[in-house]
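Here is how the chains run, residue by residue.
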Amino acid sequence: ERLLLPPEHDISTLLNYDTLPIDLVDLTNCGLVNLGNTCYANAVLNAISHIPSCRCWLANHQTTYSRDPDHDPRCLLCALAQDISTLTTLPFNEPFRPLVVQRRADWNASRSFNNHAQHDANEAFGALLTACDAVDLSTFRNIDPRVRADSSTAYTTPHWKLFGALVQATTRCSNCPQVIVK
């Protein structure tokens with residue numbers, strides 16, 4: 001059984017994320033400065049820098065929106081793209097202070113990520129990429145404001161194509177004919 005209807009639009013394509021960069025350089029010679037209890041975030045950046053499809057998403061975002069004078073200069077997705085680009089192309093081993101880690105309070109799109117609490121890399125990964133997904137969805141809503149966050153079109157962002165999954169659970173009561181589908 002299908003979980004969603006076919007999407008009306010493909011956000012990834014409409015936001016120009018369908019082009020593969022010609023050269024994804026990966027020198028990865030530098031490190032990241034720990035900004036005080038941010039080793040979990042630095043681990044996430046290192047992991048993302050080794051996922052080619054995620055790097056394509058970020059490189060395309062950076063290329064598309066670096067030329068747009070109306071694009072938000074504090075865009076979290078741009079900060080992540082810049083950090084991954086720096087991490088993978090800096091030709092010498094000079095640790096740098098990641099922009100996206102400095103702005104980790106902005107990761108809280110889901111309200112489950114407390115910037116001041118201890119976190120692990122899994123929580124950080126989910127919070128950061130969910131916040132980046134919100135950037136793409138918001139950008140697309142400028143094109144089509146009718147798109148809801150739970151629509152099939154919303155599940156066509158790069159984030160959902162790379163990391164998303166929908167699960168349908170069916171529970172049957174053993175004592176009665178009731179069936180609950182979530």
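Look above for the structure.
A brief look at the structure comes next. All values derive from a computational prediction rather than experimental measurement.

1. As for the overall build of the protein
Argument step 1. Along the protein, the regular secondary structure elements total 7 helices and 2 strands.
Argument step 2. Moving toward the C terminus, one meets the helices and strands of the protein in the order α-α-α-α-α-α-α-β-β.
Argument step 3. Each of the 182 residues in the protein was classed as buried or not, and the buried ones make up 39%.
Argument step 4. The contacts in the protein between residues at least 6 apart in sequence include a share of 69% that link residues at least 24 apart.
Argument step 5. Carbon together with sulfur atoms contributes 52% to the accessible area of the protein, which is approximately 10,500 Å² in total.

2. Focus on the pattern of salt bridges
If charged atoms from side chains of opposite charge come close, those side chains can pair.
Argument step 1. Under the definition given, this model contains 4 salt bridges.
Argument step 2. As a salt-bridge pair, aspartate 10 and lysine 161 come within 2.7 Å of each other at their nearest N and O atoms. Within this pair, whereas aspartate 10 is found in the segment before helix 1 (11-14), its partner lysine 161 is found in helix 7 (residues 158-163), the two being separated by 151 residues in sequence.
Argument step 3. Here arginine 148 ties to aspartate 150 by a salt bridge, and the two come within 3.0 Å at their closest N and O atoms.
Argument step 4. Salt bridges here are not isolated pairs; linked through shared partners, they connect Glu8, Asp144 and Arg146.

3. Some words on helix 4 (residues 76-89)
Argument step 1. Its 14 residues give helix 4 an end-to-end C-alpha distance of 20 Å, which sits within 8% of 20 Å, the value for a rise of 1.5 Å per residue.
Argument step 2. Across the 14 residues of helix 4, 10 count as buried, placing the element largely inside the fold.
Argument step 3. Among the residues making up helix 4, those that are buried are Leu76, Leu77, Ala79, Leu80, Ala81, Asp83, Ile84, Thr86, Leu87 and Thr88.
Argument step 4. Where the residues of helix 4 are buried, they touch helix 2 (39-48), helix 3 (52-65), helix 5 (99-102) and helix 6 (121-143).

4. With respect to the packing of aromatic side chains
Argument step 1. Enumeration according to the criterion identifies 2 aromatic pairs in this entry.
Argument step 2. Between tyrosine 155 and tryptophan 160, the aromatic rings sit 4.4 Å apart at their centres with planes inclined by 85°, giving edge-to-face as the arrangement.
Argument step 3. Overall, tyrosine 155 belongs to the partly exposed group, its relative accessible area being 22%.
Argument step 4. Its relative accessible area of 22% is what places tryptophan 160 among the partly exposed residues.

Rules used in this analysis
- Residues numbered from 1 in each chain as written.
- Predicted model: local features only at pLDDT ≥ 70, side-chain atom pairs only at ≥ 80, totals over all residues.
- Heavy atoms only, no water.
- Helix = DSSP H or I, 4+ residues; strand = E, 2+ residues; numbered from the N terminus.
- Buried < 20%, exposed > 50% of the residue type's maximum accessible area, 1.4 Å probe, protein only.
- Contact = heavy atoms within 4.5 Å.
- Areas by Shrake-Rupley, 256 points an atom, 1.4 Å probe, with all protein chains shown as cover.
- Salt bridge = Lys/Arg side-chain N within 4 Å of Asp/Glu carboxyl O.
- Expected span 1.5 Å × (residues − 1).
- Phe/Tyr/Trp six-rings, centres within 6.5 Å; stacked < 30°, edge-to-face > 60°.

Geometric values such as these leave the question of function open.
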